[in-house]
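Residue-level listing of the chains:
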Amino acid sequence: MACLHSWKTFLTGAIAVVFLALLPLLADMGDDTMNLLIMLFIYIILAESWNLMGGYTGLYNIGMAAFFGCGVLITHFVLIAGAPLYIAVLGGAVSAVLLAGVIGIPTLKLKGFYFSIATLALAEVLRITVGNLFPRTVWMPSEWFVNFNFIPRYYLSLGMAVITVLIMYILVNSKLGLALFAIRDDEEAAKVSGINVFKYKIIVFFISSFLTGLAGGIYTYYRLSFLPFSQFTPHWTFEPLMAASIGGAGTILGPVLGSILLVVIQDWFSLNLGQAHYIVLGTIFILMVIFSPGGIIQLVNKAYHISGLYKVRKKRNRVELF
Amino acid sequence: MFIQVLSYGIMIGAIYGLVGSGLALMFGVMKYLNIAHGTFIMLGGYASYWLFTLWGLDPFKSIPLVLLIMFTMGIVVYKIVFSPLVKVFHVGERIQNSMLITFGLLLIIDNTVTWLWTSDVRSITTSYTGSTFRLYSVNLPYNSLIGFGLALLALLCLHLIINNTYYGKSIRATTQDWEGATLMGINVDYTYLISSGVTFALSGVAGIVIATSYSITPSGGLEWLLKAMIVLVLAGEGKTKGILAAGLFLGVVEAVGVSLVGSAYREVFGLLAFILVLLFRPQGLFTER
Amino acid sequence: MLEIKNIDVYYGDLQALWDVSVNIAKGEIVTLIGSNGAGKSTLLKTISGLLKPRKGSILFEEVELDKLPAYKTVELGIAMVPEGRKIFTEMSVHENLELGAFTREARKEKNKTAEWVYEIFPILKERTRQKAGTLSGGEQQMLAIGRGLMSLPKLLIIDEMSLGLAPVIVQEIAAILKKINKTKGTSIFLVEQNVQMVLALADRGYIIENGRIVREGKTDALLNSESVRNAYLGI
């Protein structure tokens with residue numbers, strides 16, 4: 001972890017964050033740019049939360065949408081009930097954690113694919129059931145629309161994205177991180193060496209779903225109105241998963257890079273191709289999984305390696321930069 | 001009334017079994033968790049839909065053609081996107097990578113289908129659609145009956161193939177231990193290839209049944225994937241034996257639940273059954289440990 | 001019959017075998033002795049094609065084995081009884097035997113061979129419908145050998161036959177192997193840690209240490225050599 005260039009990465013990151021923080025003060029960004037950046041920040045939170053499980057622990061959550069949608073919906077209803085924003089967002093996040101308990105406790109003791117199936121099943125069941133129960137678009141009270149301002153939403157999402165990345169950094173470099181690596185690389189060996197695999201898995205699942213629910217809460221605050229079931233569509237699973245994998249699962253920077261790429265590609269392609277941009281995206285994604293399972297970071301590292309500048313650290317087939 | 005509910009449950013349960021069998025076969029033999037399974041079922045449905053709409057081919061008469069189309073598709077998909085994963089020997093890793101790849105496939109196919117044929121809900125309406133068969137006090141739609149029979153027939157064929165042919169033997173051996181199977185002189189790669197074809201053919205049959213008894217949409221595959229996954233877990237990992245029973249169980253549980261609480265919560269019963277089984281019988285409902 | 005010439009084998013980037021050469025002639029019983037991790041299983045995996053050598057060649061009756069996919073080695077006449085037996089526990093004893101006769105040639109003779117195997121191992125006949133997973137360790141080993149014989153091999157390779165078995169059973173199986181070798185002319189390659197059993201059975205032997213063949217010769221000579229006695233017999 002303590003690679004030579006890690007302080008450089010930090011510095012670059014810090015400069016980027018300061019720049020993003022000053023951006024609304026320096027220039028009057030259009031609504032489009034604002035929307036784009038806020039979505040980017042939300043994606044970063046989601047991609048990092050997926051990555052904590054998929055990349056670092058080897059648990060593939062293919063039902064992120066369940067936890068995101070739960071955060072969105074609960075935050076919405078708590079806000080409607082008149083609670084302050086932070087209570088509402090926290091409520092959304094905590095309810096996502098409760099949901100994680102329902103799924104995590106029965107499945108995390110079993111083989112990994114049970115967890116994957118269960119998360120997907122949960123997301124689908126919620127999508128269909130929520131669609132049955134709340135078929136119409138839900139709205140915040142009208143004064144929210146009248147007083148709508150991008151600035152607090154921008155800072156909230158930026159702040160949460162930065163905090164998420166920092167949390168990941170701290171987690172990965174802590175004792176927990178070590179345990180996670182051990183579990184990912186060889187679960188049986190980890191068990192034998194006295195690591196309480198179930199405990200760590202559930203902790204990580206809770207953290208990940210908390211952050212996912214949080215992202216949902218921020219999304220509610222930013223969107224104001226939405227179709228309830230569409231927050232549970234697989235779209236909300238795919239995109240973080242793709243962002244993390246394309247960027248580089250099992251690295252901290254990967255999901256950030258992947259989110260940027262994804263948002264840019266989507267913005268760019270969806271203008272020309274509309275819905276069909278997913279065809280392009282899906283193809284890129286498959287090629288990436290087959291030829292460079294470590295994502296962009298792996299490609300970059302390979303380039304470094306070939307040019308002899310940096311020695312690649314291999315861990316199974318994933319490569320870490322940082 | 002109760003018998004009516006039960007008969008609906010059983011009829012759809014057989015389809016759940018059929019839908020689950022393809023997923024279970026591929027997962028058992030190749031250790032690929034095919035997230036696009038439902039999507040391929042939809043493709044099978046579209047194949048029979050277009051054969052019917054454009055050429056007037058009766059959906060149940062076009063079965064051989066749909067089977068052929070889907071089998072070929074299975075071979076092609078295996079050659080292009082599945083085969084690179086054969087080199088991943090670590091089972092967990094192979095499952096994970098296969099999820100990612102089939103996720104990508106799902107995205108591509110879903111959106112291609114939407115792009116080509118819009119996201120309209122379609123179903124095949126034949127001259128006999130809507131007519132029912134009355135057995136004592138129970139109404140049974142002809143379409144569902146044929147679909148039910150077809151699902152049972154497909155599962156029976158699969159059962160016979162697995163237990164009585166050399167291909168079936170190679171499937172079972174590879175499922176248990178691919179290295180051991182290789183040492184017996186079994187060409188594991190070829191077994192995978194054919195299994196992929198057979199899985200897709202099963203998806204084709206399921207697609208026909210679903211297009212005639214229910215409906216197909218580009219994104220409708222996910223709902224069927226959900227059923228297939230629940231069936232897979234209820235039957236137990238790597239078991240093709242309990243698949244039909246698991247499907248029937250799920251169908252009946254859902255039907256009874258719906259009649260008691262209301263159809264808005266249909267999916268919740270499946271999920272509940274799923275979680276309870278994972279908690280108390282993770283090895284599957286019908287297998288003794 | 002089997003000529004392994006100077007092979008180097010790697011697991012990924014890790015080299016496991018250095019310049020290994022082994023010969024087995026027709027009708028011979030040959031043994032390979034080595035401790036855990038010496039490279040025995042690696043060599044066997046290479047013969048059966050699950051691993052490919054980076055250097056050197058493996059010839060079986062003039063056919064280059066290392067150029068063929070793994071499943072073809074069975075067709076050529078090599079049967080492998082792998083370490084840990086690798087029987088198909090969910091299938092019946094009879095189904096396991098049938099799987100042994102998977103190749104085209106062996107399929108034709110399937111029933112005849114099965115009868116012969118049941119004759120050699122009568123206990124398997126009693127258990128024919130039982131799930132293989134329910135057999136005792138010795139019975140499983142017999143099944144694994146029987147399954148190997150089902151492919152009508154010219155060369156039978158057995159990995160760690162005596163592992164976890166009672167000495168009486170090991171002796172029983174050894175006697176049967178000797179008989180098969182005599183009557184059918186099947187070459188046998190025994191890979192073992194249990195030196196006493198194997199040296200009594202085999203004509204020639206190789207000793208492998210740290211991925212290298214360190215000694216070879218007639219079994220009597222090996223038995224008498226001091227280093228072998230010290231290292232493997234504990235005398």
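Residues numbered from 1 in each chain as written. Chains lettered and ligands numbered in written order. Predicted model: local features only at pLDDT ≥ 70, side-chain atom pairs only at ≥ 80, totals over all residues. Heavy atoms only, no water.

A. Representation of the overall build of chain A. Along the backbone of chain A there are 14 helices and four strands. In terms of overall size, chain A behaves like a compact globule, its C-alpha atoms giving a radius of gyration of 19 Å where 322 residues would be expected to give roughly 20 Å. Projected onto its principal axes, the C-alpha positions of chain A cover 60 × 50 × 35 Å. Per-residue burial for chain A yields a buried fraction of 57% across its 322 residues. (Helix = DSSP H or I, 4+ residues; strand = E, 2+ residues; numbered from the N terminus. Rg over C-alpha atoms; globule rule 2.2 N^0.38 Å. Buried < 20%, exposed > 50% of the residue type's maximum accessible area, 1.4 Å probe, protein only.)

B. Just the overall build of chain C, in detail. Of regular secondary structure, chain C possesses 11 helices and 10 strands. A compact globule built from 235 residues would reach a C-alpha radius of gyration of about 18 Å, and chain C, at 17 Å, matches this within 12%. Contacts in chain C between residues at least 24 apart in sequence constitute 66% of all its contacts with a sequence separation of at least 6. About 10400 Å² of surface is accessible on chain C, with carbon and sulfur atoms providing 48% of the total. For chain C, the centre of its 31 positive side-chain charges and the centre of its 29 negative side-chain charges are spaced 3 Å apart. (Contact = heavy atoms within 4.5 Å. Areas by Shrake-Rupley, 256 points an atom, 1.4 Å probe, with all protein chains shown as cover. Lys, Arg positive; Asp, Glu negative; His and termini not counted. Charge placed at Lys NZ, Arg CZ, Asp CG, Glu CD.)

C. Inspection of the environment of Ile180 of chain C at higher detail. Residue and element names in this part refer to chain C. Counting through the fold element by element, Ile180 comes out in helix 8 (residues 167-184). According to the relative accessible area criterion, Ile180 is buried, its value standing at 2%. Distance from Ile180 to His94, taken between C-alpha atoms, is 20 Å for residues 86 residues apart in sequence. Setting aside its immediate chain neighbours within four residues, Ile180 contacts Trp116, Ile120, Leu149, Gly185 and Thr186.

D. Up close: the arrangement of the chains. Of all two pairs of chains in contact, the one with the most contacts involves chains A and B. Over all C-alpha pairs, chain A and chain C never come within contact, reaching a minimum spacing of 11 Å.

E. Focus on helix 12 (residues 253-273) of chain A. Spanning 21 residues, helix 12 of chain A covers 29 Å between terminal C-alpha atoms, matching the ideal 30 Å at 1.5 Å per step. Among the residues of helix 12 of chain A, Gly254, Pro255, Val256, Gly258, Ser259, Leu262, Val263, Ile265, Gln266 and Phe269 of chain A are the ones counted as buried. (Expected span 1.5 Å × (residues − 1).)

F. Looking closely at the packing of helix 2 (residues 31-54) of chain A against helix 12 of chain A. Residues and elements named next belong to chain A. Taken N-terminus to C-terminus, the directions of helix 2 and helix 12 make an angle of 140°; their axes are 8 Å apart at the nearest point. Between helix 2 and helix 12, the angle falls in the class oblique. As for the relative orientation of helix 2 and helix 12, their crossing is right-handed in sense. Taking contact as the criterion, the partners of Leu36, Leu40, Tyr43, Ile44, Ala47, Glu48 and Asn51 in helix 2 are, on helix 12, Pro255, Val256, Ser259, Ile260, Leu262, Val263, Gln266 and Asp267. For the contact of helix 2 with helix 12, a count of residues per class yields 10 nonpolar, three polar and two charged. (Axes fitted to C-alpha atoms, helices over the stretch in contact; angles between N-to-C directions. Parallel < 35°, antiparallel > 145°, perpendicular 65-115°, else oblique. Left-handed = near helix turned anticlockwise from the far one by under 90°. Nonpolar A, V, L, I, M, F, W, Y, C, P; charged D, E, K, R; others polar.)

G. Representation of the interface of chain B and chain C within the structure. Across the contact, 17 residues belong to chain B and 22 residues belong to chain C. Carbon and sulfur atoms make up 64% of the area that chain B and chain C hide from each other, which totals about 2000 Å². Contact with chain C buries area across many residues of chain B, yet Tyr166, Leu183 and Met184 of chain B alone supply 37% of it, more than any other trio. Of the charged contacts in the structure, one is a salt bridge between Asp177 of chain B and Lys86 of chain C, with a shortest N-O distance of 3.7 Å. In this structure, the connection of chain B to chain C is made through seven residue pairs in polar contact (both at pLDDT 80 or more). Those elements that provide at least two residues to the side of chain B that touches chain C are helix 6 (166-176) and helix 7 (178-183) of chain B. For the side of chain B that touches chain C, the class distribution of residues is seven nonpolar, six polar and four charged. (Buried area = accessible area lost by both parts, 1.4 Å probe. Salt bridge = Lys/Arg side-chain N within 4 Å of Asp/Glu carboxyl O. Polar contact = N/O pair within 3.5 Å; in protein donor to acceptor, adjacent residues only side chain to side chain.)

H. Structural detail: the interface of chain B and chain A. Across the contact, 41 residues belong to chain B and 43 residues belong to chain A. For the chain B and chain A pair, buried surface summed over both sides reaches about 3900 Å², with 79% attributable to carbon and sulfur atoms. Broken down residue by residue, the surface that chain B buries against chain A is led by Leu100, Phe103 and Leu107 of chain B, which jointly contribute 16%. Taken together, the connections running from chain B to chain A amount to one salt bridge. One salt bridge connects Arg127 of chain A with Glu223 of chain B, and the closest N-O pair in it is separated by 3.9 Å. Run the count over chain B and chain A and you get three residue pairs in polar contact (both at pLDDT 80 or more). Those elements that provide at least two residues to the side of chain B that touches chain A are helix 4 (91-117), helix 9 (221-235) and helix 11 (266-280) of chain B. Here the side of chain B that touches chain A gets 16 residues from one element, more than from any other, and that element is helix 4 of chain B. Residues that form the side of chain B that touches chain A fall into these classes: 30 nonpolar, seven polar and four charged.

I. Fine view of unusual backbone geometry. Phi angles above zero are rare outside glycine, and Lys31 of chain B is one such case at about 60°. Position of Lys31 of chain B relative to the elements: it lies in the loop between helix 1 (2-30) and helix 2 (37-55). Lys31 of chain B gets classed as buried once you look at its relative accessible area, which sits at 19%. We note that Asn210 of chain C has phi near 50°; this positive angle belongs to a residue other than glycine.

J. Here's a closer look at the sheet that holds strand 3 (residues 29-33) of chain C. Residue and element names in this part refer to chain C. Strand order in this open sheet of six strands is 6-7-8-3-9-10, and the pairing throughout is mixed. Each having just a single partner strand, strand 6 (78-81) and strand 10 (212-218) make up the two edges of the open sheet. In this sheet, adjacent strand axes meet at a mean angle of 15° when their direction is disregarded. Direction of pairing for strand 3 relative to strand 9 (residues 204-209): parallel, over a ladder of four bridges. (Pairing = 2+ DSSP bridges.)

K. Fine view of the pairing of strand 2 (residues 14-24) of chain C. Residue and element names in this part refer to chain C. With seven bridges connecting them, strand 1 (residues 2-11) and strand 2 associate as antiparallel partners. Looking at strand 2, one finds that Leu2 is bridged to Ile24. The antiparallel pairing of strand 1 with strand 2 creates a hairpin that spans two residues between the two strands, and Gly12 there sits at a positive phi of about 60°.

L. Seen up close, the packing of aromatic side chains. Residue and element names in this part refer to chain A. Counted under the stated rule, the structure contains 28 aromatic pairs over all chains. Where Trp50 meets Tyr60, the ring centres are 5.3 Å apart and the plane angle is 70°; that geometry is what we call edge-to-face. With Trp50 in helix 2 and Tyr60 in the loop between helix 2 and helix 3 (64-80), the pair connects residues that are 10 residues apart, well separated along the chain. Comparing Trp50 with Tyr60 shows no difference in burial state: the two are buried. Ring centres of Phe148 and Phe150 lie 5.2 Å apart, and the angle between their planes is 80°; on these two criteria the pair is classed as edge-to-face. With a relative accessible area of 29%, Phe148 lands in the partly exposed category. Under the relative-accessibility criterion, Phe150 is labelled buried at 14%. (Phe/Tyr/Trp six-rings, centres within 6.5 Å; stacked < 30°, edge-to-face > 60°.)

The analysis is restricted to geometry; functional conclusions fall outside its scope.
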